[in-house]
Amino acid sequence: MDKDKALNVVYEYTIGDNSILVELREGDGLNQESYKLLIEAMRKLIEEYKDQSEVPKKLALCFVDISNYFYFHEGVYTKVEEVLFEDAVHEISSLANRLFE
């Protein structure tokens, strides 16, 4: 995956119409394919920007307080699903922190 594709994937799955966040809130669950692609894109961007002092403003916007946007209404998901989603949130948040180190 090249940098431009990685940026587009991050934009689409964090703040776009196909946002993972929106799907979770709407009770659609976690699309595993989208999630894996997002993680791959984030890892690519961490490598791309690791030696740079700045990242694109839009990319930074995608991860500002991202963990605050991962919420779901109680009773929509099973406890097992909630744990799975919380693990996904943790991984995305952790990678976002690495991007800005």
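Our subject is the structure listed above.
Draft legend 1. Quick look at the overall build of the protein chain. When its secondary structure is counted, the protein chain shows six helices and zero strands. Each helix and strand of the protein chain, placed in order from N terminus to C terminus, yields the pattern α-α-α-α-α-α. Relative to the globule expectation of 13 Å for 101 residues, the C-alpha radius of gyration of the protein chain, 13 Å, shows essentially globular dimensions. Counting only C-alpha atoms and orienting by the principal axes, one finds that the protein chain spans roughly 45 × 20 × 20 Å. The buried share of the protein chain, taken over its 101 residues, is 39%. The long-range share in the protein chain, meaning contacts at least 24 apart out of those at least 6 apart in sequence, stands at 76%. Taken as two groups, the 11 positive and 21 negative side-chain charges of the protein chain have centres that lie 5 Å from each other.

Draft legend 2. Quick look at the packing of aromatic side chains. Taken as a whole and assessed by the stated rule, the structure comprises one aromatic pair. Ring centres of Y77 and F85 lie 4.7 Å apart, and the angle between their planes is 80°; on these two criteria the pair is classed as edge-to-face. For F85, a relative accessible area of 4% puts it in the buried group. Of note, K58 hangs over the ring of Y11, and the distance from its end group to the ring centre comes to 4.4 Å.

Draft legend 3. Layout of helix α1 (residues 3–14). Counted at 1.5 Å a residue, the expected span for α1 with its twelve residues is 16 Å, and the 16 Å between its end C-alpha atoms agrees. Every buried residue of α1 is listed here: A6, L7, V9, V10, Y11, Y13 and T14. Between the side-chain oxygen at the start of α1 and the backbone nitrogen of D4 there is a gap of 3.3 Å, and the oxygen is on D2.

Draft legend 4. Here's a closer look at the nonpolar core. Formed by 27 residues in total, the largest nonpolar core has its most connected members in V10, M42, L45, L59 and F63. Where this core is concerned, the elements lending two or more residues are α1, α2 (20–25), α3 (32–49), α4 (57–63) and α6 (79–99). Looking at which element gives the most residues to this core, the answer is α3, with eight residues. Non-local contacts of F63, meaning those with residues more than four positions away in its chain, are made with V10, T14, M42, I92, A96, L99 and F100.

Draft legend 5. Focus on the pattern of salt bridges. Applying the stated rule across the entire model yields four salt bridges. The salt bridge partner of R43 is E91, with a shortest N-O separation of 3.1 Å. Residue R43 is found in helix α3, and its partner E91 is found in helix α6; the two are separated by 48 residues along the sequence. Classification of R43 by relative accessible area gives partly exposed; the value is 44%. For E91, a relative accessible area of 26% corresponds to the partly exposed category.

Draft legend 6. How the structure looks around α3. With 18 residues, α3 ought to run about 26 Å at 1.5 Å a step, and its terminal C-alpha atoms sit 26 Å apart, in line with that. Those residues of α3 lying buried are S34, Y35, L38, I39, A41, M42, L45, I46 and Y49. All buried residues of α3 project into a common sector of 165° when viewed along the axis, lining one side. Facing away from the buried side of α3 by over 90 degrees, the exposed positions are E33 and K36. Of the surrounding secondary structure, the elements contacted by the buried residues of α3 are α1, α2, α4 and α6.

How each quantity is defined
- Residues numbered from 1 in each chain as written.
- Predicted model: local features only at pLDDT ≥ 70, side-chain atom pairs only at ≥ 80, totals over all residues.
- Heavy atoms only, no water.
- Helix = DSSP H or I, 4+ residues; strand = E, 2+ residues; numbered from the N terminus.
- Rg over C-alpha atoms; globule rule 2.2 N^0.38 Å.
- Buried < 20%, exposed > 50% of the residue type's maximum accessible area, 1.4 Å probe, protein only.
- Contact = heavy atoms within 4.5 Å.
- Lys, Arg positive; Asp, Glu negative; His and termini not counted.
- Charge placed at Lys NZ, Arg CZ, Asp CG, Glu CD.
- Phe/Tyr/Trp six-rings, centres within 6.5 Å; stacked < 30°, edge-to-face > 60°.
- Lys NZ or Arg CZ within 6 Å of the ring centre and 35° of its normal.
- Expected span 1.5 Å × (residues − 1).
- Polar contact = N/O pair within 3.5 Å; in protein donor to acceptor, adjacent residues only side chain to side chain.
- Core = buried A, V, L, I, M, F, W, Y, C linked by side-chain atoms within 4.5 Å.
- Salt bridge = Lys/Arg side-chain N within 4 Å of Asp/Glu carboxyl O.
- Arc of directions from axis to C-beta.

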